[in-house]
Amino acid sequence: MKVTFLGAAGEVGRSCIMVEEDNTKVILDAGIKLGKKIEFPVLDKEMLKSVDGIILSHAHLDHSGYLPHIYSMGYEGFAFATKPTFELTNVLISDYMRISNPEDVTKQGLANMTKKHKIVEYGKEFKINNLRFRLLTAGHILGSAMIEASSSKSRLLYTGDFNLAVSKLLEPASNLGLKADTLVTESTYSGKDDIFKPEKATMDLMVGSLNDTITRGGKAIVPSFAVGRAQEILLLLDDYMKSGRLQKVPIYIDGMIGKAMRIHRHNVIYCRDELQKRILMNDDDPFKSSNFNVIKTRGERKNIINSSESSIIVTTSGMLTGGPVVNYLQTLGKDAKNKIILVGYQAVGTPGRELFDGKKEIQIEEKTIKVGLEVNTYHISAHADRPHLVNFVKSLKGLKNVYAVHGEKVKADEFVDYINKDHKFNAVAPEQGSSYSA
Ligand SMILES: [Zn+2]
Ligand SMILES: [Zn+2]
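Novice: Looking at this structure, how should I read the confidence of the model for the protein chain?
Specialist: Mean pLDDT over the protein chain: 96, with 100% of residues reaching 70 or higher. Across the assembled chains, the prediction reports ipTM 1.00 with pTM 0.95.

Right under this line is the structure:
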């Protein structure tokens, strides 16, 4: 098998790799890189002519957002993914089209894209010409999968984004008895110091911080990705509020988060057993909690901003690159009584990262925002941390090669050096466009 890295090499964003065997070529993930300017993987019209299939690990745009471009270039093959991944991808891609309206995406391309879905169940083998594939649970977001690719001679495992810790919504990634000659792993949090506390310990601290803000009469803004972190945090906040540990104030939900909530609700069979039982046996549906208020109009948003009442606002976008969070920050950002809580990954070059780094003035969509409010970070991660990554590498049977992608270059480089110290593996942080035999 041959593997070629078409994106996410030394960076977080535009995930895209090609695996090939004899004349079969399959693309794993087709993402874009969001930032001040949108970047694409190195996969053009000419290369697409020989592609036999595309498999998506999950719905986040850094893994799926290139699909409309691919179908607009005339690709006519299928895309393979789990049912929730397709549903969430549709929502995220239509939001991307509405906001960015990319010139090269055609109506015909979008129409073809929606017709070419092949739904795949976890664990069930499927073939694309000479290659066999399986999707395995990844614990990252609803529907997320690791992708196992097998030929007659070798096996490659691509983690996509994965989480080996238990979360409120999902079981951790499957890691029992996996065999692979080659591992392509994400390395978002592969740095020496990337060691996360258990989710509950972090949430206890975050809830303490929220209570402080509420007591002083402030509002707390929690920017989040629409899919994944938002639902995880909302369900956790609801638990804390119901148990009385978090003071009772309205929790407002703004942006695409509400739509994604509904998709979670009707795909609850893909969530943790505990959550399914709670809904099906006890008639207790946390997705529809009375603590949540979904914002539907600009007027409602304006009223929340202007009211003197304390509240918690969970809104997009997670890295402050746009979305309703900008409206909230313009007014609420000046007041030291208020607080912004960063919970997810903040990519280099995004306003979220600037805020995290302590900047007192940030630019979002040509608007200047003065940072007067308190900035807190509580890492509620949907990714494997360094100890989990190292254990995962060691747990794979028959492993020879490790490629670290989807991580900042310094982290990926240091991580592979660490892995190589064992001398057992050939670990590489690949360059964009490079190929290896796997
Ligand atoms: Zn992701
Ligand atoms: Zn990602």
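Novice: Can you help me understand the coordination of the zinc ion (ligand 1) in this one?
Specialist: Tetrahedral metal sites with four donors have an ideal angle of 109.5 degrees; octahedral sites with six donors have ideal angles of 90 or 180 degrees. The zinc ion (ligand 1) binds to the protein through His 58 (NE2), His 60 (ND1), His 140 (NE2) and Asp 161 (OD); the donor distances cover 2.2 to 2.3 Å. We note that the donor set of the zinc ion (ligand 1) lies within a single chain, spaced as H-x1-H-x79-H-x20-D. Taken as an interatomic distance, the gap from the zinc ion (ligand 1) to the zinc ion (ligand 2) is 3.5 Å; Asp 161 donates to each of them. Here His 140 lies in the loop between strand 8 (131-137) and strand 9 (145-150) and His 58 lies in the loop between strand 4 (53-55) and helix 2 (61-64), a separation of 82 residues in the sequence. Given the relative accessible area of 0%, His 58 is considered buried.

Novice: How should the sheet that holds strand 20 (residues 401-405) be read in this particular structure?
Specialist: Think of a sheet as strands paired side by side through backbone hydrogen bonds, with each pair either parallel or antiparallel. Strands sit in the order 7-8-9-10-11-20-21 across an open sheet of seven strands; the sheet is mixed. Two strands lie at the open edges of the sheet, namely strand 7 (126-128) and strand 21 (426-428), each paired on one side alone. Taking the axes of each pair of neighbouring strands and ignoring which way they run, one obtains an average angle of 20° across the sheet. Both strand 7 and strand 8 contribute to a ladder of three bridges, which runs antiparallel.

Novice: In this structure, what is going on with the packing of helix 4 (residues 83-100) against helix 8 (residues 257-266)? I would like to understand it.
Specialist: Two quantities define a packed helix pair, namely the angle between the axes and the distance from one axis to the other. The geometry of helix 4 relative to helix 8 is characterised by a closest axis approach of 10 Å and an angle of 165° between their N-to-C directions. Taken together, the axes of helix 4 and helix 8 are roughly antiparallel relative to one another. As for how helix 4 packs across helix 8, the hand of that crossing is right-handed. Contact with helix 4, carried on its side by Lys 83, Glu 87, Leu 88 and Val 91, involves Lys 259, Ala 260, Ile 263 and His 266 of helix 8 and no other residues of that element.

Novice: So what exactly am I meant to see when it comes to the coordination of the zinc ion (ligand 2) here?
Specialist: Looking at the metal site, the zinc ion (ligand 2) is ligated by Asp 62 (OD), His 63 (NE2), Asp 161 (OD) and His 406 (NE2), spaced 2.1 to 2.2 Å from it. Considering all four donor atoms around the zinc ion (ligand 2), angles at the metal cover 89 to 162° and the coordination shape is irregular. In primary-sequence terms, the residues that donate to the zinc ion (ligand 2) follow D-H-x97-D-x244-H.

Novice: When you look at the nonpolar core in this model, what are you seeing that I'm missing?
Specialist: Most often, soluble globular proteins have nonpolar side chains that are buried together. Core analysis: the largest hydrophobic core is formed by 72 residues, its most contacted members being Met 206, Leu 237, Leu 246, Ile 312 and Val 314. For this core, the element with the highest residue contribution is helix 7 (residues 229-242), accounting for eight residues. Leu 246 has contacts with Val 207, Leu 210, Asn 211, Ile 214, Leu 237, Tyr 240, Met 241 and Ile 312, leaving out every residue within four places of it along the chain.

Novice: It is not clear to me how the packing of aromatic side chains should be interpreted in this structure. Could you clarify?
Specialist: We describe a pair of aromatic rings using the distance from one ring centre to the other and the angle between the two ring planes. Within this structure, the stated rule accounts for 12 aromatic pairs. Judged by centre distance (5.2 Å) and plane angle (65°), the rings of Tyr 71 and Tyr 75 are edge-to-face. Neither Tyr 71 nor Tyr 75 differs from the other in exposure class; each is buried. With 4.8 Å between their ring centres and 40° between their planes, Tyr 403 and Tyr 436 make a pair best called tilted. One end of the pair, Tyr 403, is in strand 20; the other, Tyr 436, is in strand 22 (residues 435-437), with 33 residues separating them in the sequence.

Novice: I would appreciate a short explanation of the pattern of salt bridges in the present structure.
Specialist: Opposite charge on two side chains permits pairing when their charged atoms draw close. What the rule picks out here adds up to 32 salt bridges. In this structure, the salt-bridge partner of Glu 87 is Lys 83, at a minimum N-O distance of 3.2 Å. With Glu 87 and Lys 83 both in helix 4 and four residues apart, the pair spans about one turn of that helix. Classification of Lys 83 by relative accessible area gives partly exposed; the value is 28%. Between Lys 400 and Asp 181 there is a salt bridge, with its nearest N and O atoms 2.6 Å apart. Taken together, the positions of Lys 400 in the loop between helix 13 (386-395) and strand 20 and Asp 181 in the loop between strand 10 (155-158) and strand 11 (182-186) put the pair 219 residues apart, joining distant regions of the chain.

Novice: Please explain helix 10 (residues 298-306) as it appears in this structure.
Specialist: Side chains three or four residues apart in an α-helix point the same way, a direct result of the helix having 3.6 residues per turn. Among all positions in helix 10, only Arg 301, Ile 304 and Ile 305 are buried. For helix 10, the arc enclosing every buried residue in end-on projection is 100°, short of the 170-degree limit, so these residues lie on one face. In helix 10, the exposed positions angled more than 90 degrees off the buried face are occupied by Lys 302, Asn 303 and Asn 306. Against strand 12 (219-223), strand 13 (251-254), strand 15 (311-315) and helix 11 (325-332) lie the buried residues of helix 10.

Novice: Looking at this structure, I do not really get the sheet that holds strand 6 (residues 117-119). What am I missing?
Specialist: A sheet is described by the order of its strands in space; here seven strands give the open sequence 6-5-4-3-2-1-22, paired in mixed fashion. In this open sheet, the two edge strands, each paired with only one partner strand, are strand 6 and strand 22. On average, each strand axis in the sheet is tilted by 25° relative to the strand beside it, whichever way the strands run. Direction of pairing for strand 5 (residues 79-81) relative to strand 6: parallel, over a ladder of three bridges. When the sheet's bridge partners are listed, Ala 81 is paired in strand 6 with Ile 119.

Conventions we followed
Residues numbered from 1 in each chain as written. Chains lettered and ligands numbered in written order. Predicted model: local features only at pLDDT ≥ 70, side-chain atom pairs only at ≥ 80, totals over all residues. Heavy atoms only, no water. pLDDT = per-residue confidence, 0-100. Donors = N, O, S within 2.8 Å, 3.2 Å for Na, K, Ca; no water. Helix = DSSP H or I, 4+ residues; strand = E, 2+ residues; numbered from the N terminus. Buried < 20%, exposed > 50% of the residue type's maximum accessible area, 1.4 Å probe, protein only. Pairing = 2+ DSSP bridges. Axes fitted to C-alpha atoms, helices over the stretch in contact; angles between N-to-C directions. Parallel < 35°, antiparallel > 145°, perpendicular 65-115°, else oblique. Left-handed = near helix turned anticlockwise from the far one by under 90°. Contact = heavy atoms within 4.5 Å. Tetrahedral: all angles 85-135°; square planar, octahedral: opposite > 155°, others 65-115°. Core = buried A, V, L, I, M, F, W, Y, C linked by side-chain atoms within 4.5 Å. Phe/Tyr/Trp six-rings, centres within 6.5 Å; stacked < 30°, edge-to-face > 60°. Salt bridge = Lys/Arg side-chain N within 4 Å of Asp/Glu carboxyl O. Arc of directions from axis to C-beta.

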